[in-house]
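Descriptive structure summary
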Amino acid sequence: MEAPGEQSASDVWARVKRRLRAELGEDIFASWFGRLELDSVVEGCAYLTVPTRFLKSWIESHYADRVLAVYRSEAGDVERVSIGVRSTLGRDPAAQRRASEAPRPAPTASMAMPSMAGEIKTPSAAAPQEERGENGDLGGAPLDSRLTFESFIVGRSNALAHAAADRVAHAQNGQAIYNPLYLHAGVGLGKTHLLHAIGHEVRAQGRRVIYLTADRFMYGFVASLKAQTSLAFKERLRGIDLLIIDDVQFIQGKQIQQEFGHTLNALIDAGRQIVIAADRPPADLENLDERVRSRLAGGLVVEVSALDEALRTSILTTRIEALRTIHPTFEVGPNVIAYVARAITANGRDLEGAVNRLLAHATLTSSAITLETAETAIRDLVRNREPKRVKIEDIQKLVASRYNVSRSDILSERRTAAVVRPRQIAMYLSKVLTLRSLPEIGRRFGGRDHTTVLHAVRKIEKALGEDHALSDEVELLKRMLQE
């Protein structure tokens with residue numbers, strides 16, 4: 001049981017996180033603060049932790065003042081904020097202080113096994129290796145040696161993306177094709193696996209490859225500005241044969257986006273290959289500059305769709321067979337595999353979790369895997385299945401059709417009752433069914449201010465409690481959008 005002081009500190013930290021989420025928006029909060037945790041508050045200092053040194057450096061460089069300001073507004077006795085790395089620090093604040101004063105060793109590649117998505121990794125695979133610049137500058141994130149074309153399981157949902165990736169990776173004389181190649185998919189469907197596979201093939205040909213996540217690109221650019229080495233940073237990026245950028249939807253900041261756009265243009269004009277991955281198509285990246293979105297859409301855009309049942313079955317079978325090399329007694333019958341493949345439809349990472357749960361049951365209880373035990377083991381994965389991603393544009397179209405107005409009416413300045421109510425309902429649905437922040441929703445509704453969206457949301461929430469017919473109508477719209 002927590003002591004009263006600890007409970008109070010936890011409550012304050014929960015309020016701080018809510019404030020940060022509201023002020024910064026869901027995308028930025030999820031990117032940088034989702035894994036930021038409170039360790040303790042000692043002598044006026046709030047000790048926070050993150051899992052990686054990279055996140056620590058980024059938050060300290062860009063958001064330290066904002067975090068402290070929000071914290072002080074919630075707890076006046078907090079005068080400082082210190083950020084440590086959980087992987088290297090204990091839970092003792094004194095240890096954190098000693099570590100922050102000690103020399104910083106160079107970061108090493110992660111040994112963690114990535115989640116499976118259309119792929120299979122053997123537990124004995126080597127850890128990813130990181131390429132570094134000649135002078136200690138940005139050298140790119142690690143390429144995981146387990147994520148290759150050979151380990152990628154192809155099915156109907158990812159066949160086109162796999163074929164395009166293979167063609168790019170094996171282009172004759174390194175000639176750029178489908179430039180840029182843009183892959184988009186939801187979480188755990190295999191797009192990152194294809195990025196790594198392309199990188200491995202091109203690097204094996206002796207060509208220069210840099211693989212970057214969006215946050216690493218941002219960090220590298222900002223760090224080069226601070227160190228006054230931005231010219232070297234730009235030259236290094238534009239002097240390579242293949243640039244791979246993952247999770248491009250997280251690129252933030254006007255200046256960073258401009259540099260990203262310049263890099264795209266320079267590489268494409270020079271005939272160098274670019275491969276991009278994101279969680280949505282270019283047109284839906286509202287945070288990106290319009291010229292950058294246009295450039296991304298100018299290549300080949302391929303969606304990796306949800307894993308079909310046959311592919312899910314193949315993934316499960318392959319994963320189980322790989323584990324049998326380590327656990328020979330691990331037996332899963334075809335009826336159990338078929339059940340899991342039907343029950344878990346969201347992504348490959350949930351399939352990985354299901355196999356791990358079955359293995360744990362088999363090894364810890366020394367009993368056979370039956371349908372009943374499988375149902376119990378994966379119950380939480382089935383219950384927590386990811387809902388369909390809803391787009392604001394789809395909400396606007398459906399509401400407009402339902403209320404016999406046009407989408408342009410909803411986006412216009414018209415204030416007649418026939419338009420205002422559908423517009424407010426559409427704003428409300430955008431708030432509850434998407435992860436977009438209020439300012440982002442306002443921009444998608446004709447450039448309105450976030451306070452207008454907040455007013456609409458509150459008005460519809462109040463009306464739903466008073467008008468049962470409206471409540472039923474809105475619930476129907478929710479189901480139609482989520483099906």
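As the structure is a computational prediction, the values presented were derived from the model and not from experiment. (Residues numbered from 1 in each chain as written. Predicted model: local features only at pLDDT ≥ 70, side-chain atom pairs only at ≥ 80, totals over all residues. Heavy atoms only, no water.)

Regarding the sheet that holds strand β1 (residues 37-42)
What counts is decided by this rule: Two strands pair under a simple rule: DSSP has to find at least two bridges between them. Secondary structure elements follow DSSP: runs of H or I of four or more residues count as helices, runs of E of two or more count as strands, with numbering from the N terminus. For helices, the axis comes from a line fit to the C-alpha atoms of the stretch in contact; other axes are also lines fit to C-alpha atoms, and the angle between any two N-to-C directions lies between 0 and 180 degrees. Any pair of residues with heavy atoms lying within 4.5 Å of one another is described as a contacting pair.
What the three strands build is an open sheet, ordered β1-β2-β3; its pairing is mixed. The outermost strands of the open sheet, each flanked by one partner alone, are β1 and β3 (80-85). Averaged over all neighbouring strand pairs, the angle between strand axes comes to 25 degrees, with direction disregarded. Against the sheet, helix α4 (residues 64-74) makes contact with β1, β2 (45-50) and β3, and its axis sits at roughly 125 degrees relative to β3, the strand it touches most.

Some details on empty space enclosed by the protein
Keep this limit in mind: Grid points spaced at 1 Å over the protein atoms alone were grouped into cavities, where a 1.4 Å probe fits but cannot get out, and pockets, open sets with protein on both sides within 12 Å along at least five of seven lines, with lining residues defined by an atom within 4 Å of a point. Grid points are joined across faces, edges and corners, and a volume is the space filled by probe spheres set on the points. When residue character is reported, Ala, Val, Leu, Ile, Met, Phe, Trp, Tyr, Cys and Pro are called nonpolar, Asp, Glu, Lys and Arg charged, and the others, Gly included, polar.
Under the defined criterion, the tally for this structure stands at one cavity of 30 Å³ or more. If you add up the space inside the largest cavity, you get close to 40 Å³. Lining the largest cavity are Val 168, Ala 171, Gly 174, Gln 175, Ala 176, Val 202, Arg 207, Leu 242 and Gln 273. Here the residues of the lining of the largest cavity are counted per class, giving five nonpolar, three polar and one charged.

So, the sheet that holds strand β5 (residues 209-213)
Here we have five strands laid out as an open sheet, ordered β5-β6-β7-β4-β8, and parallel in their pairing. Strands at the two margins of the open sheet, each flanked by one partner only, are β5 and β8 (300-303). The average undirected angle you get between the axes of adjacent strands in this sheet is 15 degrees. In the sheet, strand β6 (residues 242-246) pairs with strand β7 (residues 273-278) via four bridges, with the strands oriented parallel. Bridging from a neighbouring strand, Ile 244 pairs with Val 275 of β7.

Some details on the side chain of Asn 179
Put simply, the rule is: For each residue, the accessible area found with a 1.4 Å probe, counting protein chains only, is set against the maximum for its type, and the residue is called buried under 20%, exposed over 50%, and partly exposed in between. Polar contact is the term for a pair of N or O atoms within 3.5 Å; when the atoms are in protein, one must be able to donate a hydrogen and the other to accept it, and sequence-neighboring residues count only if both atoms are side-chain atoms.
When you line up the elements, Asn 179 lands in the loop between α6 (159-169) and β4 (181-184). Look at Asn 179 and you get buried, because its relative accessible area is 19%. At 3.2 Å, the side chain of Asn 179 and the side chain of Gln 273 are in polar contact.

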